[in-house]
Amino acid sequence: IFAIDSVPAVFAVSTDPFIVYSSNLFAILGLRAWYQILAVAATQLAYLDKSIAFVLGFVGLKICASFFDFDLPTSTSLAVVAFFLGTGIMLSLLFPPPPSSSSSSGGEEKK
């Protein structure tokens, strides 16, 4: 049931029934296996959630644009998605967030 939300995303990339059905099949089979790896990566990549938000926004705009008979080529859509995800990963690697200190130094603040 968790792969149902990927149906609109697939329709944003292609309307070919084979692509839609096979991608959802692979999503169901593979997403659970990748969950642990992605959960660890999401904690280490600080800007990944923001780049995914941009991808979802792009997909939403593409779906709305298709309502008005505006078609964007599949290669362009994939390039935009790869750009957003790659930028989020690159920014996370170049500018990692400072490590949070969970232990206090006896209640004294450093100045």
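The structure reproduced in this document is the subject of the present report. Only a predicted model underlies this, so the values are computations on that prediction, with no experimental measurement involved.

1. Thoughts on the overall build of the chain
Next, step 1: A count of helices and strands for the chain gives four helices and zero strands.
Next, step 2: Start at the N end of the chain and walk to the C end: the helices and strands fall as α-α-α-α.
Next, step 3: Each of the 111 residues in the chain was classed as buried or not, and the buried ones make up 17%.
Next, step 4: Intrachain contacts of the chain at a sequence separation of at least 6 include 69% that bridge at least 24 residues.

2. Thoughts on the side chain of K62
Next, step 1: Structurally, the position occupied by K62 is in helix α3 (residues 48-67).
Next, step 2: Nearest to the buried, unbridged K62 among oppositely charged side chains is D71, at 6.1 Å.
Next, step 3: When near neighbours in sequence (up to four residues on either side) are disregarded, K62 contacts A12, V13, L72 and S77.

3. Some points on unusual backbone geometry
If a residue is not glycine, its phi is most likely negative; likewise, a peptide bond is most likely trans.
Next, step 1: Phi at D69 takes a positive value of approximately 60°, unusual for a residue other than glycine.
Next, step 2: Topologically, D69 is positioned in the loop between α3 and α4 (74-94).

4. Notes on α4
Next, step 1: If you check α4, its first and last C-alpha atoms are 30 Å apart, about what 21 residues at 1.5 Å a residue would give, namely 30 Å.
Next, step 2: Along α4, the residues that are buried comprise S77, G88 and S92. The buried side chains of α4 occupy one side of the element, clustering within an arc of 35° when seen end-on. Exposed residues pointing more than 90 degrees away from the buried face of α4 are listed as S75, F83, L93 and L94.

5. What to know about the pattern of salt bridges
Next, step 1: All told, the structure shown has one salt bridge when counted by the stated rule.
Next, step 2: Its salt-bridge partner being K50, residue D49 comes within 3.5 Å of it at the nearest N-O pair.

6. Side note on a nonpolar patch on the surface
Next, step 1: Together, L31, W34, I37 and L38 line one region of the surface with nonpolar side chains, adding up to about 410 Å² of accessible area.
Next, step 2: Here L31 shows up in helix α2 (residues 17-44).
Next, step 3: Of the residues examined, L31 reaches a relative accessible area of 40% and is grouped as partly exposed.

7. Some details on the environment of K62
Next, step 1: We classify K62 as buried; its relative accessible area is 14%.
Next, step 2: Each C-alpha atom, one on K62 and one on V13, is 8.7 Å from the other, the two residues being 49 residues apart in sequence.

About the thresholds
- Residues numbered from 1 in each chain as written.
- Predicted model: local features only at pLDDT ≥ 70, side-chain atom pairs only at ≥ 80, totals over all residues.
- Heavy atoms only, no water.
- Helix = DSSP H or I, 4+ residues; strand = E, 2+ residues; numbered from the N terminus.
- Buried < 20%, exposed > 50% of the residue type's maximum accessible area, 1.4 Å probe, protein only.
- Contact = heavy atoms within 4.5 Å.
- Lys, Arg positive; Asp, Glu negative; His and termini not counted.
- Salt bridge = Lys/Arg side-chain N within 4 Å of Asp/Glu carboxyl O.
- Expected span 1.5 Å × (residues − 1).
- Arc of directions from axis to C-beta.
- Patch = residues over 30% accessible without salt bridge, like charges linked within 9 Å, V, L, I, M, F, W, Y side chains within 5 Å.
- Areas by Shrake-Rupley, 256 points an atom, 1.4 Å probe, with all protein chains shown as cover.

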